[in-house]
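Each chain, written out:
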Amino acid sequence: MSSGGMRSAMPGIVLAFLPFRFAQFHRRLYSLRSSEPQDFLSMRVLFLASYFPKPGIPLAGVWALEQAKALAEVVDLEVASCTPWVPGLLEWIDKARPWINVPATHQWDRVTVRYFKSLYYPVAPLNAWAYPDPSRQMALTWASVRGRMLRMVERFRPHVLFCHHTAVSGSLGSRIHAITGLPYVITDHDYDEIATCV
């Protein structure tokens, strides 16, 4: 197969692999559910999602919040959400203010969310630079949250990481896995992002 053919085939391979990993996650949940209730409820899931509601931006990623709420009914769950760091000097800009005012922690019903302000900026000018080689932006993001995220993992002691989108949460999950050995599952939602990164 030519290199061009391999590149075009890779997204399909990635997408085919994701349901397999997700099925493993669900089998683990099912096996716990089939055993003693206390065993199932003792499973700790760290839910990583950058596209997630913020107090000042409540409609962003509402589907991720609803999924987190549903999971929180049956497992011990916390959310880690990377959010762009925006300097307070820009508070006079209306669109910047909600990002500046993102709190470190917020409670959405029974779901506890910890927001990690980071050097991750998924905006059009930077996407053109990041998509052809995401490793540069992912490395910068990881460097800006590494210590705080590892401390959260040490405190919460999750059994599994559930990551929404390869960038940025899946990248963070893979790096946490490399350090801790924790299993992780990635769910991607945008085929174009996968195709662009392969």
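Residues numbered from 1 in each chain as written. Predicted model: local features only at pLDDT ≥ 70, side-chain atom pairs only at ≥ 80, totals over all residues. Heavy atoms only, no water.

Details of the pairing of strand β1 (residues 44-49)
The buried fraction of β1 amounts to 6 of the 6 residues, a majority that puts the element mostly inside the structure. Neither face of β1 is open: one carries R44, L46 and L48, the other V45, F47 and A49, and all of them are buried. Sheet topology note: the β1/strand β2 (residues 76-84) ladder contains 5 bridges and is parallel. The residue of β2 that forms the bridge with L48 is A80. Crossover connection from β1 via helix α3 (residues 62-72) to parallel β2: handedness right-handed. Bridge count for β1 against strand β5 (residues 160-164) is 5 bridges, and the pairing is parallel. (Buried < 20%, exposed > 50% of the residue type's maximum accessible area, 1.4 Å probe, protein only. Helix = DSSP H or I, 4+ residues; strand = E, 2+ residues; numbered from the N terminus. Pairing = 2+ DSSP bridges. Right-handed = clockwise from strand over helix to strand, strands pointing away.)

Observations regarding unusual backbone geometry
In this chain, A167 is followed by V168 through a cis amide linkage whose omega measures 10°. Considering the arrangement of structural elements, one finds V168 in helix α7 (residues 165-180). The backbone of D109 sits at a positive phi, close to 55°, despite the residue not being glycine. Relative to the helices and strands, D109 is located in the loop between β3 (105-108) and β4 (111-118). Judged by its relative accessible area of 59%, D109 falls in the exposed class. The backbone of H165 sits at a positive phi, close to 80°, despite the residue not being glycine.

Description of the sheet that holds β4
The mixed open sheet is built from 6 strands, whose spatial order is β3-β4-β2-β1-β5-β6. Among the strands making up the open sheet, the edge pair consists of β3 and β6 (184-187). Ignoring strand direction, the axes of neighbouring strands in this sheet form an average angle of 25°. Bridge count for β2 against β4 is 7 bridges, and the pairing is parallel. Along β4, the bridge assignment pairs A80 with R114. Packing against the sheet, α7 makes contact with β1, β2, β5 and β6, and its axis sits at approximately 160° to β5. (Axes fitted to C-alpha atoms, helices over the stretch in contact; angles between N-to-C directions. Contact = heavy atoms within 4.5 Å.)

Examining α7
A bend of about 25° at S171 is the largest found in α7. All of the buried residues in α7 are H165, V168, S169, G170, S171, L172, G173 and I176. Just downstream of α7 lies G181, where phi reads positive at about 80°. (Bend = angle between axes of the 7 residues up to and from the residue.)

Concerning the packing of helix α6 (residues 135-156) against α7
Relative to each other, α6 and α7 sit at 55°, their axes nearing to 9 Å. Considering the angle they form, α6 stands oblique to α7. Once α6 is placed against α7, the crossing between them reads as right-handed. Of the residues in α7, those in contact with S135, M138, A139, T141, W142, V145, R146, M149, L150 and V153 of α6 are A167, V168, S171, L172, R175, I176, I179 and T180. The residue inventory of the contact of α6 with α7, partitioned by class, reads 12 nonpolar, 4 polar and 2 charged. (Parallel < 35°, antiparallel > 145°, perpendicular 65-115°, else oblique. Left-handed = near helix turned anticlockwise from the far one by under 90°. Nonpolar A, V, L, I, M, F, W, Y, C, P; charged D, E, K, R; others polar.)

Here's the deal with the environment of P103
Its location among the elements puts P103 in the loop between α4 (97-100) and β3. The sequence separation of P103 and R114 amounts to 11 residues, and the corresponding C-alpha distance is 8.2 Å.

Focus on the packing of aromatic side chains
In the structure shown here, the tally under the stated rule is 3 aromatic pairs. Aromatic side chains F47 and F162 sit 5.5 Å apart centroid to centroid with 80° between the ring planes, which places their arrangement in the edge-to-face category. Within this pair, whereas F47 is found in strand β1, its partner F162 is found in strand β5, the two being separated by 115 residues in sequence. With centroids separated by 6.3 Å and ring planes inclined at 40°, the aromatic side chains of Y51 and W63 adopt a geometry described as tilted. Taken together, the residues span a long stretch of sequence, with Y51 in the loop between β1 and α3 and W63 in helix α3 at a distance of 12 residues. A residue is classified by how much of its surface remains accessible, and W63, at 36% relative accessible area, is partly exposed. Three or more aromatic residues link up through ring pairs in this structure, and these residues are F47, F52 and F162. (Phe/Tyr/Trp six-rings, centres within 6.5 Å; stacked < 30°, edge-to-face > 60°.)

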